[in-house]
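Observations on chain architecture
Here's the letter readout for the chains.
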Amino acid sequence: MTSTPRTSSLSGPSAPRRLVVVGSGIAGLYAALLAAEAGTDVVLLTKGALEDSNTWFAQGGISAVLDEPAPGDTVAAHIADTLKAGAGHCDPEAVRVLCTEARLDMAGLVRFGVSFDLDDDGDPALGLEAAHSAPRILHAGGDATGARVADALIRTVLAFQAEGRLTVKGHAQVTALLTDEGASGRTVTGLSYLRNGRESRLMADAVLLATGGAGQLFSQTTNPSVATADGLALAWRAGAAVTDLEFFQFHPTCMVPPAGTRAGADPLLISEAVRGEGAVLVDVHGQRFMGDYHPDAELAPRDVVSRSIALHLAALGDPNGHVFLDATVVEKARGAGFLEKRFPTISQRTRQAGIDWTKERVPVAPAAHYWMGGVVTDLFGRTTVPGLYAAGEVACTGVQGANRLASNSLLEGLVFARRAVGVFVGAFRGAADAIPLRANSAAGGLAFTHAAGTPPADDGRSPKPATTALSGPPAPLDGAGNNTSAPVSWQFESVPGPGPIEASFAGGEPFSRGALRRLMTAKAGVLRSGALLREAAVQLAAWAEEVLPLGGAGSLVVREHEDANLLLAAQLLVHAARERRGSLGAHYRSDSVSEPAAVDDSDKRYTMSRKASLVHD
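Below: a short report on this structure.

The rules behind these values
- Residues numbered from 1 in each chain as written.
- Predicted model: local features only at pLDDT ≥ 70, side-chain atom pairs only at ≥ 80, totals over all residues.
- Heavy atoms only, no water.
- Helix = DSSP H or I, 4+ residues; strand = E, 2+ residues; numbered from the N terminus.
- Buried < 20%, exposed > 50% of the residue type's maximum accessible area, 1.4 Å probe, protein only.
- Areas by Shrake-Rupley, 256 points an atom, 1.4 Å probe, with all protein chains shown as cover.
- Core = buried A, V, L, I, M, F, W, Y, C linked by side-chain atoms within 4.5 Å.
- Contact = heavy atoms within 4.5 Å.
- Salt bridge = Lys/Arg side-chain N within 4 Å of Asp/Glu carboxyl O.
- Disulfide = S-S within 2.5 Å.
- Pairing = 2+ DSSP bridges.
- Axes fitted to C-alpha atoms, helices over the stretch in contact; angles between N-to-C directions.
- 1 Å grid on protein atoms, 1.4 Å probe; cavity = no way out; pocket = protein on both sides within 12 Å on 5 of 7 lines; lining within 4 Å.
- Points joined across faces, edges and corners; volume = space filled by probe spheres on them.
- Nonpolar A, V, L, I, M, F, W, Y, C, P; charged D, E, K, R; others polar.

This part is about the overall build of the chain. Along its length, the chain carries 17 helices and 21 strands. Within the chain, buried positions represent 58% of all 617 residues. Of the roughly 24000 Å² that the chain leaves accessible, carbon and sulfur atoms contribute 53%.

This is the structure in structure tokens:
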């Protein structure tokens, strides 16, 4: 095994500190560029090519209230829309930071070569998308926003590399985070990775995870093949806390591929910007149905549209079927050629599939799209393990809540990647050194540690959430002295799973990537219940006995590491979904407990981490 030491150990204490960035989506690319500009020794690792990321496939755009916004739009309105979409589960301070600072990072993108679409007057063309109260979505190349933004950032990254300002290591699969145990606890000091069939180590002053999400958990997804929950699994194994994993957003309108389409073909997400322009959803009988499920019809939040489609298909007796997106009404209303100009990528891809969407309806169904949960971070991208940062979809800042607002994901990656780099290079002098587990201001409940199946008695030594400059004053107490706004948190002896009695009912189907995806789609997808989730947990536990030893730290097979990461992520998601017995946002249970009028535990945040003594097992 080769090892690359920190720059400081080679050149003395005055050498630049090293930041290793893992992932080449918008958060990773932006963080690498900003850190390199600040004089940091930056190493950027990506598991494939630089283009292999969720960002590349993003169509909808980036939400931001600019210095000259659309008439009537304000930062306060953007905040309100985000909080509403998040179903009362957002961290209000994180949302305030996101919406207030958005314009800074739009300027940052322009500085790094991104060109946004302009209107006829030469001003930024601002689009309207579902659940936004005003036009505030910036696009680049129409519906090719993600690809255009990523391409510009990649070009700048490569230029920086040519100038010796940063280092890029492509086709590098990170297999483990390296940690040291000191007097103040565990610290991340680097990572191990596979490249060209060899395992190497890379030492660092800090690691920033920007690895994206985990769409490959499900049969139908808008994510590319690299989205295998790598960052979440790495952070969990290093002892970092994770939260909100029950909230997985399914995009309602992913094109159903025609019969005969090759396996593994790139998914086609049909952005809600199409519905924002006036496209409608109809069933097999040609009837609009969204108005029967929500007053905002096709412009309702994503989770509502996805669930409405699933419920409507079930009512029609075809739960595995599809509905149709009718954009012909847009072409008729806006004139011939509008769809081609506004949505060139969708127009090209639908033609390739044999569909002329200016004249025909497009078959669509919900697909796994975005994970609101992730590795717990504060407002500066810091996780609960010193030396480890996270930004983008792998992180949970509290911005997305229980359901992400459209076009806020790319923005979140930008804002919190910049803030993470800022605190690493010392630009935020007032930031505290440690973070508490984030409390949900809309919820009540006492924080407790769950290590072996039952909550411990309160002996005065149970951990209490810390208070820092980031978290504000101490949380309010109820009459019994209990913290009324803290999250519920567990520390597990191992990966959470079913008990021995439940596990005895495991089926005999052997593990495969396809079997995992079918299981998660059927039992932990858009529609869930306690019985389905229990069945999923039992099968996942049985597979874990078979798969996890193969995907150990010593394996030189990339797919084995990916399978182990996906299986771990599936177990964590299912456990979180079982614990949240009520429906909230993107987490919908058909056996949901009825919600009282007052806010109660239904909005509580559930946080999980491994016990410290087991991190190196």
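Turning our attention to the nonpolar core. Counting 63 residues, the largest nonpolar core has L191, V207, L217 and L516 as the members making the most contacts within it. A per-element tally of this core places helix α17 (residues 558-579) first, with 10 residues. Discounting residues that sit within four places of it in the chain, V207 has contacts with L19, V20, V22, L177, V188, G190, L191, G387, L388 and Y389.

This part covers the pattern of salt bridges. Per the stated rule, a full pass over the model turns up 26 salt bridges. Residue E163 is joined to R165 by a salt bridge in which the shortest nitrogen-to-oxygen separation is 3.4 Å. For E163, a relative accessible area of 51% translates into the label exposed. Accessibility expressed as a relative area gives 34% for R165, which makes it partly exposed. Among the ionic contacts, a cluster of salt bridges with common partners joins K47, D230, R513, E562 and D563.

Quick look at the state of the cysteines now. Following the criterion strictly, the structure yields 0 disulfides and no others. You can see C90 has no disulfide; the closest cysteine sulfur is in C99, sitting 9.4 Å from it. For C90, a relative accessible area of 4% puts it in the buried group.

This part takes up the sheet that holds strand β3 (residues 41-45). The strand order across the open sheet formed by 5 strands is β7-β3-β2-β11-β18, and the pairing between neighbours is parallel. On the outer flanks of this sheet lie β7 (167-169) and β18 (388-390), each paired with one strand and no other. Taken pair by pair, the neighbouring strands of this sheet meet at an average axis angle of 20°, ignoring direction. As defined by bridge partners, strand β2 (residues 18-22) adjoins β3 across 5 bridges and the pair is classed as parallel. Paired with R18 across the bridge in β3 is D41.

Moving on, we get to empty space enclosed by the protein. Taken as a whole, this structure holds 4 cavities of 30 Å³ or more when the rule is applied. Here the largest cavity defines a volume of roughly 660 Å³. S53, N54, T55, G212 and E393 are, among the 48 residues lining the largest cavity, the residues nearest its centre. Those elements that place two or more of their residues in the lining of the largest cavity are α2 (26-37), α3 (54-57), β8 (173-182), α7 (230-237), β16 (362-371) and α13 (409-424). Considering only residue class, the lining of the largest cavity consists of 17 nonpolar, 23 polar and 8 charged.

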